[in-house]
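# Tertiary structure, described
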Amino acid sequence: MARARSEERRGEILRAAVEVIAERGYRGASLGAVAERVGLTQQGVLHYFPTKEALLVAVLEERDRWDTGGGPRSADAWRLDLLASLVDYNAMRPGIVQTFSALLGESVTDEHPAREFFTRRYVQVREDMAAMLRAEFGPRLPSGLTPEQAAPLLTAVMDGLQFQWLLDPASVDMPAAFRSFVTLLGTGPEAA
């Protein structure tokens, strides 16, 4: 019973941290603001997460768990149609997308506590995307690109569309734009 309550409290803290980071960015977010949202003291939050950096990494890991349905990440779990569904899902949760995007943007600075997380994450994502593209198209996409060449482009489109959509959601239909890109992946020079 105590363990279940502890996990429930951790979940509340993570959700509050997502909200605070989305509103203020990582540097502007404080443990005090997170604590206030969940009715704890700052020391109470530190009982569950020993540092602000530990809370940040937990937020990022939780977001990835949400995106993968809670299961382990495996290359064979992804397909292009599932990626399109993830883009649809992201369009329904701007706060989470905003948090991720804000942290990603901030993490490119030296010494940012999320830099190592994002560096590792992008290595894994590119590998997953290459494996997915290989399963979908074989050793070459219709365009002639290898899955390894196309994987960083696919990843860049997903993240770049998120930034554009966050800045101007009325002008950027993120799900439709992503589906257009998926169509391009299947189009080779012979189809032009």
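Everything numeric here is computed off the predicted structure, so don't read it as measured data.

## Observations concerning the pattern of salt bridges
In a structure, side chains of opposite charge can pair up when their charged atoms sit close to one another. This structure, assessed with the given rule, holds 10 salt bridges. Taking the shortest distance from any N to any O, the salt bridge between D81 and R79 comes out at 2.8 Å. Relative accessible area serves as the criterion here: at 42%, R79 is assigned to the partly exposed category. Between E148 and R134 there is a salt bridge whose closest N-O contact spans 2.5 Å. Taken together, the positions of E148 in helix α8 (residues 147-167) and R134 in helix α7 (residues 115-137) put the pair 14 residues apart, joining distant regions of the chain. Since its relative accessible area comes to 35%, R134 is described here as partly exposed. A cluster of three or more residues bridged by salt bridges with shared partners is formed by R5, E8, R9 and E12.

## Regarding the environment of R9
Looking at the element boundaries, R9 is found in helix α1 (residues 2-28). Its relative accessible area of 14% is what places R9 among the buried residues. Not counting residues within four places of it along the chain, the set of residues in contact with R9 comprises V38, L40 and Y48. A polar contact is formed between the side chain of R9 and the backbone oxygen of V38, at a distance of 2.8 Å.

## Observations concerning the nonpolar core
Judged by nonpolar contacts, the single largest core of 29 residues is most densely connected at I13, V34, L55, L56, L60, L103 and F118. Elements represented by at least two residues in this core include exactly α1, α2 (31-38), α4 (52-67), α6 (94-107) and α7. A total of 8 residues in this core trace back to one element, the largest contributor, which is α1. Here I13 is in contact with V34, V38, L40, V45, Y48, F49 and L55, once residues within four sequence places are set aside. In terms of nonpolar packing, the next biggest core, distinct from the first, is built from 24 residues, A150, M158, W165 and F181 among them.

## A word on the packing of aromatic side chains
Scanning the entire structure with this criterion turns up 2 aromatic pairs. Between F100 and F118, the ring centres sit 5.4 Å apart and the planes meet at 70 degrees, which makes this aromatic pair edge-to-face. Placement of the pair is F100 in helix α6 and F118 in helix α7, with a sequence separation of 18 residues. Comparing F100 with F118 shows no difference in burial state: the two are buried. The side chain of R121 reaches across the aromatic face of Y122, ending 5.8 Å from its centre.

## Examining α8
Look at α8: 30 Å from first C-alpha to last across 21 residues, which is about the 30 Å you get at 1.5 Å a residue. Three or more residues of α8 are buried, namely P147, A150, A151, L154, T155, M158, D159, L161, Q162 and W165. Each buried residue of α8 sits inside an arc of 165 degrees when the element is viewed along its axis, so together they form one side.

Reading the values: the criteria
- Residues numbered from 1 in each chain as written.
- Predicted model: local features only at pLDDT ≥ 70, side-chain atom pairs only at ≥ 80, totals over all residues.
- Heavy atoms only, no water.
- Salt bridge = Lys/Arg side-chain N within 4 Å of Asp/Glu carboxyl O.
- Buried < 20%, exposed > 50% of the residue type's maximum accessible area, 1.4 Å probe, protein only.
- Helix = DSSP H or I, 4+ residues; strand = E, 2+ residues; numbered from the N terminus.
- Contact = heavy atoms within 4.5 Å.
- Polar contact = N/O pair within 3.5 Å; in protein donor to acceptor, adjacent residues only side chain to side chain.
- Core = buried A, V, L, I, M, F, W, Y, C linked by side-chain atoms within 4.5 Å.
- Phe/Tyr/Trp six-rings, centres within 6.5 Å; stacked < 30°, edge-to-face > 60°.
- Lys NZ or Arg CZ within 6 Å of the ring centre and 35° of its normal.
- Expected span 1.5 Å × (residues − 1).
- Arc of directions from axis to C-beta.

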